[in-house]
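Observations on the three-dimensional arrangement
The primary structure of each chain is shown beneath.
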Amino acid sequence: IQRCVRGRSQKVWFQGACTAATCLEALARGRFGRRKAKRLRAAIAIETAGRRFMVRQWYRGTKRATLCVQRRERGVQARRRYAEAQGAALALETMVRRHRAATSYGNLRVAAAVAQKRARAAFAKREAARRRRRRVEALRAQGAVALEKTVRWHLAATSYRKLSVGAVVAQKRARAAGARREAARRRRRRVMDSRAAAEAASEAIRSHRRLRAIVLQSWTRMRLARRARRDAIIAATVLQTRGRRLLARTVAAMRWRGALVVQKVWRRSAARHHFLEQRRAAVRVQAAARRFLAPPPPVVEVAAPPVPPPIA
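Residues numbered from 1 in each chain as written. Predicted model: local features only at pLDDT ≥ 70, side-chain atom pairs only at ≥ 80, totals over all residues. Heavy atoms only, no water.

1. Some points on the layout of surface pockets
Stated formally: Definitions used for this entry: grid spacing 1 Å over protein atoms alone; cavity, a set of points where a 1.4 Å probe fits but cannot get out; pocket, an open set with protein on both sides within 12 Å along at least 5 of 7 lines; lining residue, one with an atom within 4 Å of a point. Grid points are joined across faces, edges and corners, and a volume is the space filled by probe spheres set on the points. Under the DSSP-based scheme used, a helix requires at least four consecutive residues in state H or I and a strand at least two consecutive residues in state E, with every element numbered from the N terminus. Residues are grouped as follows: Ala, Val, Leu, Ile, Met, Phe, Trp, Tyr, Cys and Pro are nonpolar; Asp, Glu, Lys and Arg are charged; every other residue, Gly included, is polar.
Considered as a void within the structure, the largest pocket measures approximately 980 Å³ in volume. If you trace the largest pocket, you find 29 residues lining it, with A119, A122, R126, W256 and A259 closest to the centre. Among the elements of the structure, α1 (2-190) and α2 (195-293) are those that each provide at least two residues to the lining of the largest pocket. Tallying contributions element by element places α1 first for the lining of the largest pocket, with 16 residues. The class makeup of the residues in the lining of the largest pocket is 16 nonpolar, 2 polar and 11 charged.

And the structure:
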């Protein structure tokens with residue numbers, strides 16, 4: 001019994017010692033395993049970071065090289081497309097300028113033809129008006145001459161008739177006066193002492209002479225007034241004709257000067273517009289030529305990053 005109890009006690013103690021040793025060994029192994037796993041994880045993390053950094057550097061270098069190559073290729077393509085577009089633009093601009101020049105030349109030619117036509121028409125109108133005025137003046141002059149001739153003939157005839165009548169009347173009155181004088185002389189001879197009769201006869205003769213002088217003076221004044229009125233009308237007609245002619249010439253000269261000024265302003269505007277277009281085209285051509293002849297930018301070679309070796 002004692003041996004069994006002792007054996008049982010030893011067996012229990014041995015089992016406890018084995019269990020404790022196993023537990024201690026498991027604890028030690030777990031601690032060591034955890035340290036090793038932690039170190040392994042740290043090594044893996046460091047290796048991962050190193051690989052990531054190397055791959056990132058390689059990727060960045062490759063990306064920069066690819067971008068540089070793409071940029072160069074795109075620049076070449078863009079320059080090619082720009083050269084093609086510039087050639088097309090120059091051809092189009094040449095065609096447009098040719099068309100505009102042809103159109104402008106055609107318009108200018110038509111305008112010149114229209115201006116010449118209008119100038120010729122105006123000159124023809126002025127020439128016709130001048131000829132018409134000359135004919136009218138000639139007709140007026142002929143009419144004035146004919147009228148003056150008729151008036152002078154009428155005045156001469158009237159004057160001749162009046163003079164004839166006056167001469168007849170004067171002869172009649174002279175004869176009557178002579179007869180009266182003779183009768184008076186006879187009466188004086190008969191009646192030498194009749195002074196009252198002689199004075200009455202002389203007074204009648206004086207009154208008759210005075211009346212005849214008044215009639216002649218009135219006729220002379222009327223003739224002079226008619227002549228002065230006729231001369232004033234002729235002078236006014238001449239002055240009016242010359243004034244109208246001067247006014248017409250002044251208006252025609254002003255219209256001609258206005259047409260010349262308008263034509264000069266229009267030509268100056270057209271020439272200035274053409275000069276500005278030529279200068280803009282020349283500036284564009286110079287800019288394109290300078291851009292084409294400019295040296296290309298220096299090529300910067302970018303070294304490709306080294307490819308990292310595979311990590312075993």
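So much for the structure itself; the text now carries on.
2. What to know about the confidence of the model for the chain
Basically, it comes down to this: Known as pLDDT, the predictor's confidence for each residue is given on a scale from 0 to 100. Contacts are residue-level and defined by heavy atoms, with any inter-residue pair within 4.5 Å sufficient.
With 88% of its residues at a pLDDT of 70 or more, the chain shows a mean pLDDT of 77. Note that residues 302-308 has pLDDT below 50 and, in this model, 8 contacts with residues that lie over four places away or in other chains.

3. Looking at a positive patch on the surface
To be explicit about the condition: The patch calculation keeps residues exceeding 30% relative accessible area without a salt bridge and links them within 9 Å when they carry like charges or within 5 Å when they are nonpolar (Val, Leu, Ile, Met, Phe, Trp, Tyr). Per-residue accessibility takes into account occlusion by the displayed protein chains alone, with areas from the Shrake-Rupley method and a 1.4 Å probe. Salt bridge, as used here: a side-chain nitrogen of Lys or Arg that lies within 4 Å of a carboxyl oxygen of Asp or Glu. Asp and Glu are treated as the negative residues and Lys and Arg as the positive ones, with His and the ends of the chain left uncounted. For this purpose, a charge sits on NZ of Lys, CZ of Arg, CG of Asp or CD of Glu.
Together, K172, R173, R180, R181, R209 and R212 make up a positively charged patch on the protein surface. Secondary-structure elements contributing two or more residues to the positive patch are α1 and α2. Top contributing element to the positive patch by residue count: α1, with 4 residues.

4. A word on empty space enclosed by the protein
Space left empty within the atom packing is revealed by a probe, the size of a water molecule, rolled over the atoms. If you walk through the whole model with that rule in mind, you get 1 cavity of 30 Å³ or more. Looking at the largest cavity, the residues that line it are H154, L155, T158, S159, K162, W219, M222, R223 and R226. Elements with a contribution of two residues or more to the lining of the largest cavity: α1 and α2. At 5 residues, α1 tops the list of elements feeding residues into the lining of the largest cavity.

5. Points about the side chain of E93
Mapped onto the secondary structure, E93 falls in helix α1. The contacts of E93, once residues within four sequence positions are left out, are A281 and R284.

6. A word on a nonpolar patch on the surface
What counts, and what does not: Remark: exposure states derive from per-residue accessible area (1.4 Å probe, protein chains only) relative to the maximum for the residue type, with buried under 20%, exposed over 50%, and partly exposed in between.
Taken together, the side chains of V55, W58 and Y59 make up a nonpolar region of the molecular surface, amounting to roughly 300 Å² of accessible area. Position of Y59 among the secondary structure elements: in helix α1. A residue is classified by how much of its surface remains accessible, and Y59, at 49% relative accessible area, is partly exposed.

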